Amino acid sequence: MKELLKSNLVIMVIFAVIVLTAPAWLTPIGAGYPDILQKFAIFGLFAIGFNILFGLTGYLSFGHAAFLGVGSYTAVWSFKLLTMNVLPAIIFSTLMAGVFALVIGFISLRRSGIYFSILTLAFAQMSYSLAYSVLTPITNGETGLQLTLADPRVVDGMMGIPVTDSLPTTNLFGLAMSGYSGFYFCAVLLIVGFYVSLKIFRSPYGMKLRAIKSNQTRMKYTGFNTRPYLLSAFVISGMFAGLAGALMAATDPLAGAERMQWTASGEVVLMTILGGMGTLIGPLLGVGIIKYFENIFSALNESALHEVFSFLPGWLEEVMVWISHHFVGEGWHLTLGTLFMLVVIFLPGGVMEGITRLSAYLKSKFKGSDEITSEKVSEDAS
Amino acid sequence: MSDDSKFSTLSRRGFLKASMAAAAAGAAPTFFINNANAYVNAPTGGTVTLGFNVPQTGAYADEGADELRAYKLAVKHLNGEGDGGMMNTMKPLSLKGNGVLGKKVAYVTGDTQTKSDAARASAKRMIEKDGALMITGGSSSGVAIAVQGLCQDAGVIFMAGLTHSNDTTGKDRRKHGFRHFFNTEMSGAALAPILEKEFGKDRTAYHLTADYTWGWSQEGSIKKYTEALGWQTKAAVRTPLGAGDFSQYITPVLNSGADVLVLNHYGKDMVNSLTQAVQFGLRDKQVNGKDFQIVVPLFSRLMAQGAGENIKGIYGSTNWNWSLTDEGSKAFVKSFGAEYGFPPSQAAHTCYVQTLLYANACEMAGTFNPCGVIEALEGFKFEGMGNGPTEYRAEDHQCFKDVLVVRGNQNPTSQFDLLEVVNVTPRSAVEYAPDMLGGQLGSCNA
């Protein structure tokens, strides 16, 4: 078992099976519909990429949403100008985000710690404000960039795809990007992204990034120039964000400036910390929890609560509904905030630490002398 | 020979085109692969689900909360509970008070956060997970347009709530989208004669505009109609939605030489900007030998309540006000008041009416199939819903009806009696040609 989990192939097979069967096992908890599944996969990619920077090097970027936004805008422009096929959109977005990351990273990485975070935050807010005001011709401001019937779509025109009086939909050579097929497309990219992340985590390159986190000064004294490693990690994670942004536009062809706001940057930080920074799976768990709260908890209203508690006697049902309705619907932020506090106070390593502790406890209970296996990676990281 | 080769090229190209078209056609309707019915989310059990998608957080949260109250009340009335409200006054009426087409009405709610992304995610959840047949709501035109586009692609009906931008039924109109609320074009046409009468023809205006589709639309309409009167426009400054503090935008107004400030703001933004404008002493100023004036083209009682004393004597337009004395308005105010203890806002009114209109159209069409419902709504004429005789124009899915010009009440008799109606502008004075604003409806998608 222990040896098995060290093999990349086995991990990838298990991961792929879990991801691709998500519609089946998420349905019982009400999260098996295409839109939320797509969000899980897309933000999963975003968080995996963020974790390569934050989890491995310890550099906390507070402006990653800028790359997400750049990716989205590039993708929508590709839909408008070239073709509704998502492939060029994804390639252009990832590259464009990479270029942005190179510029922002080159400047921001001259500082570390809190100064680095503030610099990235400043760049992201600057991008957001620009998208909102000066760059309105490119971004369409607060209304957001949308497709119109009058778009040129040059490549589609050359391929002879007929123009109808309804908006064309995004596709991958005819495969629709909405609904379940859209999810499977995102899921495949998530699996690829996870594989890249796994390879980085388990490579000498990943080791150097961890070394930067543990003691950059010592690393420099041993003759390493850390700057190229940091910058490349920053660009890679920026490209992940750009890819996620492109997928957001692919599944729903619209790009708004709010995707670049600091709250969006904060969200991915929360996801990573909540799940467990520096672990492979942790960020994905964080994504799952936060997106589940945002989409499912926020939609519960009192009549739904009455259904949930209908097995209780009348008066108790009323009491339970009265208490819990503050925590659902518009109060979902409250629940999430409480959960976040509890995790940070009691499980600083995030949900992954909880799982590690739980499995260690169970092992001691059942006298399994096996070492911790799959969490080995996470132990290495911290 | 040459004919031959021409023929063969043509047919090859024709074949390519045909196969491309087939691929595109195959891609288009697979939005819901798991749906074997003739149209999306065809109700199978004893209930039909509607999706109420309103802002519960952000600058328009007050309006959103009131909209949700109205929706819940409408569902009650549709299911034959409560006193029936406007179902007693609506003419012609096909509803029987036993749900819609014999199915009980159920609903799901969601928070748009006044953000296009969140609103679309929420609407998608309603359509994909909860099986909603119709989405309604929105307190921001940007959000309404984004969700309307989504509903068109998904093949469900969108009944717009509070959205005032021309674009909703103008350049961004959709076959599946319907709007009962009026728009900035009508506001401009209704306000201009009153502004001329009160303030004269020789005025200089300064616009502060919420920086998104509605703000741009309203700024354009007011400019168009006031400049036709002979007014000048000094400047039009865009402010971000939900800015909170407007002092940096108001200070320059003081010395700009303008003598009218037009606030193209809504919700909490309007409350804040108006309050600050009054605090800065704009209303006590004399410019060009005239009293300085403030105009708020789109007014609502909820905002008036937020702005308190500051709204006294300020002109604006509104879709509906609870103080109207026709039968429909009285019935609605009575049942809303009995349920919640205070009168409804114009946002609540339009959302309530939209829900009833949708249900009535299903009943008329005898089906929930969106194509049938669209046909029933197009060109539908009705009255007894608080706005007098009203028509859903078939060409752009916009309701045409009288527009109210209101003024902040100088001597309110209660905390809700904040707006007085100074003029009811007849429909004929605010009507425009359907193709004036551009846009195409497209075709029914089911």
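These numbers were taken from a predicted model, which means no experiment stands behind them.

1. Some thoughts on the state of the cysteines
Residues and elements named next belong to chain B.
- Summed over the entire model, instances satisfying the criterion amount to 1 disulfide over all chains.
- Sulfur-sulfur distance for the disulfide between C371 and C444 comes to 1.9 Å. Between C371 and C444, the S-S dihedral sits near -90 degrees, and the bridge is therefore left-handed. Here C371, found in helix α12 (residues 370–377), pairs with C444, found in the segment after α13 (427–430); they are 73 residues apart in sequence, far enough to count as distant.
- Taking the relative accessible area as the measure of exposure, C371 reaches 29% and is therefore partly exposed.
- Residue class for C444 comes out partly exposed when judged on its relative accessible area of 27%.

2. Some words on the pattern of salt bridges
- Counted under the stated rule, the structure contains 32 salt bridges over all chains.
- Here E267(A) makes a salt bridge to K291(A), at a shortest N to O gap of 3.6 Å. Taken together, the positions of E267(A) in helix α13 (residues 262–275) and K291(A) in helix α14 (residues 282–295) put the pair 24 residues apart, joining distant regions of the chain. No difference in accessibility class separates E267(A) from K291(A), as the two residues are buried.
- Close ionic contact of K201(B) with E196(B) constitutes a salt bridge, the shortest N to O distance being 2.9 Å.

3. Observations concerning the interface of chain A and chain B
- Every contact between the two is made by 42 residues of chain A and, on the other side, 38 residues of chain B.
- Summed over both partners, the interface of chain A with chain B buries about 3500 Å², with 52% contributed by carbon and sulfur atoms.
- Considering only the side of chain A, the residues that lose the most area to chain B are E142(A), T143(A) and E258(A), jointly responsible for 15% of the buried surface there.
- Summed over the shared surface of chain A and chain B, the number is 3 salt bridges.
- The salt bridge involving K124(B) is made with D35(A); its shortest N-O contact spans 3.6 Å.
- At the boundary of chain A with chain B, the tally comes to 7 residue pairs in polar contact (both at pLDDT 80 or more).

4. As for the domain arrangement of chain B
All names here are of chain B.
- With domains assigned, chain B is organised as domain 1 (41–182 + 323–401) and domain 2 (185–318).
- Centre-to-centre, using C-alpha coordinates, domain 1 lies 30 Å away from domain 2.
- At the interface, 26 residues of domain 1 touch 23 residues of domain 2.
- Taken together, both faces of the contact between domain 1 and domain 2 bury some 1900 Å²; the carbon and sulfur share is 58%.
- Viewed at the interface, domain 2 and domain 1 are joined by 0 salt bridges.

5. As for the pairing of strand β1 (residues 47–54) of chain B
Residues and elements named next belong to chain B.
- For β1, the buried fraction is high: 7 of the 8 residues fall into the buried class.
- In this sheet, strand β2 (residues 104–111) lies alongside β1 in parallel orientation, the contact comprising 8 bridges. Directly across from T47, in β2, lies its bridge partner K104.
- In terms of handedness, the path from β1 via helix α2 (residues 61–78) over to β2 forms a crossover that is right-handed.
- Two strands pair when backbone bridges link them, and β1 and strand β3 (residues 134–137) are joined in this way by 4 bridges, in the parallel orientation. From the neighbouring strand, G51 faces β3, where its bridge partner is I135.

Quick notes on the rules
Residues numbered from 1 in each chain as written. Chains lettered and ligands numbered in written order. Predicted model: local features only at pLDDT ≥ 70, side-chain atom pairs only at ≥ 80, totals over all residues. Heavy atoms only, no water. Disulfide = S-S within 2.5 Å. Helix = DSSP H or I, 4+ residues; strand = E, 2+ residues; numbered from the N terminus. Buried < 20%, exposed > 50% of the residue type's maximum accessible area, 1.4 Å probe, protein only. Salt bridge = Lys/Arg side-chain N within 4 Å of Asp/Glu carboxyl O. Contact = heavy atoms within 4.5 Å. Buried area = accessible area lost by both parts, 1.4 Å probe. Polar contact = N/O pair within 3.5 Å; in protein donor to acceptor, adjacent residues only side chain to side chain. Domains from an automatic or database assignment. Pairing = 2+ DSSP bridges. Right-handed = clockwise from strand over helix to strand, strands pointing away.

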